[in-house]
Amino acid sequence: EKFNEKIMCAHLDFGKVSSEQMPFVKLLNNGAFDDDCDLIPPKSWIYQPEWTKLIENAKPNYLKYLNLGAIYLVDENFDKAEDACNKALSYKETPTALFILAQVKINKNEIDEATKLLVKACKILPNDLTLARESLRFLIDSKKYSEALEVYNILNKEIQDDGRVTMYYCFAILHTGNVDK
């Protein structure tokens with residue numbers, strides 16, 4: 001409808017737009033995302049060439065650059081992803097932007113920088129199970145055991161009690177020689 005094209009399946013009712021879809025509806029209708037800088041990760045992402053063009057042409061703000069960072073990461077255009085993440089971070093330092101930038105750094109084999117970014121992201125959002133698991137997995141795989149212990153110690157108790165998080169913690173303890181713990 002937006003582009004004056006024929007509606008493909010007018011007889012189908014796809015229901016109402018949910019809160020997860022709303023940022024993209026606003027982008028489609030207004031040419032811009034809202035100026036939100038939530039610490040909580042977005043509920044949905046979109047990856048499609050037509051949408052990428054809309055996002056690239058959108059008004060500059062945090063969500064534009066956060067989405068572009070993720071898109072360029074998936075496209076393996078790491079320099080553009082890094083630039084987009086840094087622009088997102090210039091609006092607000094969020095765990096999501098830090099995590100995406102860390103993934104870029106991992107792909108560029110900048111392990112120490114990725115480690116710092118993941119630790120910082122976990123400090124900002126210590127109650128996110130997915131962030132904790134992914135960060136600890138990377139730190140253990142990269143033999144960054146001290147940093148894994150640091151992350152574990154800043155996590156909320158309910159996150160620390162997760163089985164996988166506890167397993168990563170045990171690996172870090174064993175590899176740092178603290179077997180008694």
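Residues numbered from 1 in each chain as written. Predicted model: local features only at pLDDT ≥ 70, side-chain atom pairs only at ≥ 80, totals over all residues. Heavy atoms only, no water.

**Overview of the overall build of the protein**
So the rule is basically this: Counting from the N terminus, the helices are DSSP H or I runs at least four residues long and the strands are E runs at least two residues long. The buried label applies to any residue whose accessible area, calculated with a 1.4 Å probe on protein chains only, is under 20% of its type's maximum; exposed applies above 50%, and partly exposed to all values in between. Only the protein chains shown count as cover for residues, and the accessible areas themselves come from Shrake-Rupley with a 1.4 Å probe.
The helix and strand tally for the protein stands at ten helices and zero strands. Secondary structure elements of the protein, listed N to C terminal, follow the sequence α-α-α-α-α-α-α-α-α-α. Counting across all 181 residues of the protein, residues that qualify as buried make up 39%. For the protein, the exposed area adds up to about 10800 Å²; of that, 50% sits on carbon and sulfur atoms.

**Points about the side chain of S135**
Convention followed: Should any heavy atoms of two residues lie within 4.5 Å, those residues are considered in contact.
Secondary-structure assignment places S135 in helix α7 (residues 129-141). Assessed through its relative accessible area of 0%, S135 is described here as buried. Excluding anything up to four places from it in sequence, S135 contacts L118 and C122.

**Focus on the packing of helix α5 (residues 95-107) against helix α6 (residues 111-124)**
Going by this rule: Only the contacting stretch of a helix is used when fitting its axis, a line to C-alpha atoms as for every element, and angles between N-to-C directions run 0 to 180 degrees. Just so you know how the angles are binned, under 35 degrees is roughly parallel, over 145 roughly antiparallel, 65 to 115 roughly perpendicular, and the rest oblique. In this scheme the crossing of two helices becomes right-handed for a clockwise turn of the near helix relative to the far one and left-handed for an anticlockwise turn of less than a right angle. Under this grouping Gly is polar, as are all residues other than the nonpolar Ala, Val, Leu, Ile, Met, Phe, Trp, Tyr, Cys and Pro and the charged Asp, Glu, Lys and Arg.
Running from amino to carboxyl end, α5 crosses α6 at an angle of 165 degrees, the nearest separation of the two axes being 8 Å. Judged by the angle between their axes, α5 and α6 are roughly antiparallel. Crossing of α5 over α6 shows left-handed handedness. Residues P95, L98, F99, L101, A102, Q103, K105 and I106 of α5 form the contact with α6, whose own contacting residues are I111, E113, A114, L117, L118, K120, A121 and I124. For the contact of α5 with α6, the class distribution of residues is twelve nonpolar, one polar and three charged.

**Comments concerning the side chain of Q103**
Within the secondary structure, Q103 sits in helix α5. With relative accessibility at 18%, the residue Q103 sits in the buried group. The contact partners of Q103, leaving out residues within four places of it in the chain, are L73 and L118.

**What about the environment of T176?**
With respect to the helices and strands, the residue T176 is situated in the segment after α10 (163-175). For T176, a relative accessible area of 35% corresponds to the partly exposed category. In the structure, T176 is positioned 27 residues away from L149 in sequence and 9.2 Å away in space, judged by C-alpha atoms. Other than its neighbours up to four places away in sequence, T176 contacts Y145, S146 and L149.

**Re the packing of aromatic side chains**
We count it as follows: Ring geometry is summarised as follows: Phe, Tyr and Trp rings, the Trp one being its six-membered ring, pair when their centres sit within 6.5 Å, and such pairs are stacked at plane angles under 30 degrees, edge-to-face over 60 and tilted between the two.
Evaluated as defined, the whole model comprises two aromatic pairs. Where Y152 meets Y169, the ring centres are 3.7 Å apart and the plane angle is 15 degrees; that geometry is what we call stacked. With a gap of 17 residues between them, Y152 in helix α8 (residues 145-154) and Y169 in helix α10 connect regions that are remote in the sequence. Accessibility classification places Y152 together with Y169 in one group, the buried group.

**Remarks on the nonpolar core**
The test is simple: The criterion is simple. A nonpolar core is a set of buried Ala, Val, Leu, Ile, Met, Phe, Trp, Tyr and Cys residues joined through side-chain atoms within 4.5 Å.
Ranked by size, the top nonpolar core spans 52 residues in total, and within it L66, L136, V151, L155 and V165 carry the most contacts. Among the elements that take part in this core, helix α3 (residues 62-74) stands out by supplying nine residues, more than any other. Beyond its immediate sequence surroundings of up to four residues, L136 is in contact with A148, V151, Y152, L155, V165 and Y168.

**Describing the pattern of salt bridges**
Note the following rule: Whenever a carboxyl oxygen of Asp or Glu lies within 4 Å of a side-chain nitrogen of Lys or Arg, that contact is scored as a salt bridge.
The full count for this structure, using the stated rule, is twelve salt bridges. K120 serves as the salt-bridge partner of E93, at 3.4 Å between the closest nitrogen and oxygen. Residue E93 is located in the loop between α4 (78-91) and α5, and its partner K120 is located in helix α6; the two are separated by 27 residues in the primary sequence. Residue E93 is classed as partly exposed on the basis of its relative accessible area of 39%. Taking the relative accessible area as the measure of exposure, K120 reaches 37% and is therefore partly exposed.

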